[in-house]
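In case you want the letters, here they are:
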Amino acid sequence: MHNSEIRYFMAVVGAGSISAASQQLFVAVSAISRQIQRLETRLGVPLFERSARGMVLNDAGHILANHVRRSMADMELAMAEIEGLKSVRQTTIRVVCTDGVAFNLLPTMLARFREIHPRVSFYLTVGTARQVPELVRNGECDVALKFSLSPEHGVEVLASYPAPVLVFMQADHPLANKEFQLADLNAWPMVLPDQSATIRQLFDLSCRMNNVFIDPVFTSNHFSSLYDFVRNTPDAIGICSHFSILYSARRDNLRMRTVNIDQLSQRTFQIQTEMGRPRTAVLSAFFTFLRQELQIQDQRCRQEFDLQLH
């Protein structure tokens with residue numbers, strides 16, 4: 001296949017239509033259309049579902065686009081490996097994560113890694129729990145950090161840590177230093193993520209199984225907003241994994257507590273990458289750093305907040 005065919009194909013994939021790709025590439029619509037037709041003729045199958053609203057990849061198109069993305073990523077890895085860590089050119093590591101991980105944990109770890117490797121740059125994408133493994137499988141990132149409820153196909157798990165659902169509150173909250181049950185949370189303003197988050201799904205399941213109904217005073221798909229609401233509301237209680245606030249809980253004088261219900265212990269926190277993905281020296285160093293840093297901070301947090309996590 002010719003480079004121009006692939007180039008125009010990927011432009012249409014990204015832009016969503018031939019006319020939009022034409023504007024981006026400054027190439028006539030007819031020229032792009034001809035190249036797409038040649039590519040489809042060469043492969044013997046259509047690659048797009050065509051409609052008045054644009055061009056959408058079909059199954060064959062997805063297969064080709066994913067292979068092209070992987071080839072491009074492999075070429076970048078090869079170039080970075082050849083140039084080495086001391087190259088004038090920076091090495092960019094593409095990271096994806098879910099919202100709770102992006103709040104404080106990941107930015108802090110990326111900053112600490114750059115203290116050791118200042119020539120490394122990062123490109124961070126924040127997605128939903130469903131989007132993140134898809135980005136990993138498509139080769140659109142080098143590493144992913146996310147909470148998981150079950151095994152996911154097509155990804156390699158580099159490390160996994162127990163990440164049960166905890167509650168967090170201000171340090172002087174009446175529940176901060178006493179035993180309580182799930183039903184006791186009803187007496188306080190609850191702050192919850194929306195139903196797309198795995199932590200909310202587990203929390204709601206636990207409430208149903210224990211005949212507890214909780215009506216939150218604040219719901220959001222943005223963990224930073226939930227966190228700040230709790231930090232600024234003396235009697236509020238939120239839910240999280242200890243990984244989400246490893247670095248910030250102490251600074252903001254917050255307290256984390258466990259709720260001893262089996263359903264709340266089903267999540268793990270994982271470092272993931274694409275199956276069989278080649279690794280540069282710097283990427284291998286980054287993986288090692290993530291595992292070591294998470295292990296150290298996990299143990300420190302358990303001890304400091306007296307968390308009995310299984």
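For the structure itself, consult the block above.
Residues numbered from 1 in each chain as written. Predicted model: local features only at pLDDT ≥ 70, side-chain atom pairs only at ≥ 80, totals over all residues. Heavy atoms only, no water.

## Thoughts on the packing of helix α2 (residues 18-25) against helix α3 (residues 29-43)
Where α2 meets α3, the closest approach of the two axes is 9 Å, and the angle between their N-to-C directions is 115 degrees. Considering how the two elements wind past one another, α2 and α3 form a crossing that is right-handed. Along its contact with α2, which presents I18, S19, A21, S22 and L25, the element α3 presents V29, I32 and S33. Of the residues contributing to the contact of α2 with α3, the split by class is 5 nonpolar, 3 polar and no charged. (Axes fitted to C-alpha atoms, helices over the stretch in contact; angles between N-to-C directions. Helix = DSSP H or I, 4+ residues; strand = E, 2+ residues; numbered from the N terminus. Left-handed = near helix turned anticlockwise from the far one by under 90°. Contact = heavy atoms within 4.5 Å. Nonpolar A, V, L, I, M, F, W, Y, C, P; charged D, E, K, R; others polar.)

## A closer look at the packing of helix α6 (residues 105-116) against helix α10 (residues 281-304)
Here α6 crosses α10 at 125 degrees, and the two axes come no closer than 11 Å. Compared by their axis directions, α6 and α10 come out oblique. Regarding α6 and α10, the two cross each other, and that crossing is right-handed. In contact with L105, M109, L110, R112, F113 and I116 of α6, α10 contributes V282, A285, F286, F289, L290, E293, L294 and Q297. Tallied by class, residues from the contact of α6 with α10 come to 11 nonpolar, 1 polar and 2 charged. (Parallel < 35°, antiparallel > 145°, perpendicular 65-115°, else oblique.)

## Observations regarding the sheet that holds strand β10 (residues 237-240)
With mixed pairing, the 5 strands of this open sheet are ordered in space as β9-β8-β10-β7-β11. The sheet terminates laterally at β9 (218-220) and β11 (254-258), the two strands that pair on one side only. Each neighbouring strand pair of the sheet contributes to a mean axis angle of 25 degrees, computed without reference to strand direction. As judged from the 2 bridges shared by strand β8 (residues 190-193) and β10, these two strands associate in the parallel manner. From the neighbouring strand, M190 faces β10, where its bridge partner is I237. (Pairing = 2+ DSSP bridges.)

## Some details on unusual backbone geometry
At F26, a position not held by glycine, the phi torsion is positive, near 60 degrees. Among the secondary structure elements, F26 is positioned in the loop between α2 and α3. The class of F26 is exposed, set by a relative accessible area of 78%. The residue D306 is not glycine, and still its phi comes out positive at about 55 degrees. (Buried < 20%, exposed > 50% of the residue type's maximum accessible area, 1.4 Å probe, protein only.)

## Details of the pairing of strand β2 (residues 54-57)
When strand β1 (residues 48-51) meets β2, the two strands line up antiparallel, connected through 4 bridges. Directly across from S51, in β2, lies its bridge partner G54. Taking the residues between adjacent antiparallel strands as the criterion, β1 and β2 are bridged by 2 residues.

## Quick word on the sheet that holds strand β12 (residues 268-274)
Within the open sheet, the 5 strands sit side by side as β4-β3-β5-β12-β6. Their pairing is mixed. The sheet is open, and its two edges are formed by β4 (120-126) and β6 (155-162), each paired on a single side. Ignoring strand direction, the axes of neighbouring strands in this sheet form an average angle of 20 degrees. The sheet strands contacting α6 are β3 (91-97), β4, β5 (143-148) and β12, and the helix crosses β4 at an angle near 170 degrees.

## Considering the environment of Q170
Within the fold, Q170 resides in strand β7 (residues 166-170). In the structure, Q170 is positioned 79 residues away from A249 in sequence and 9.3 Å away in space, judged by C-alpha atoms. Here Q170 is in contact with A176, V230, R231, N232, T233, P234, N253, L254 and R255, once residues within four sequence places are set aside. A polar contact of 3.4 Å, which involves the side chain of Q170, links it to the backbone oxygen of T233. (Polar contact = N/O pair within 3.5 Å; in protein donor to acceptor, adjacent residues only side chain to side chain.)

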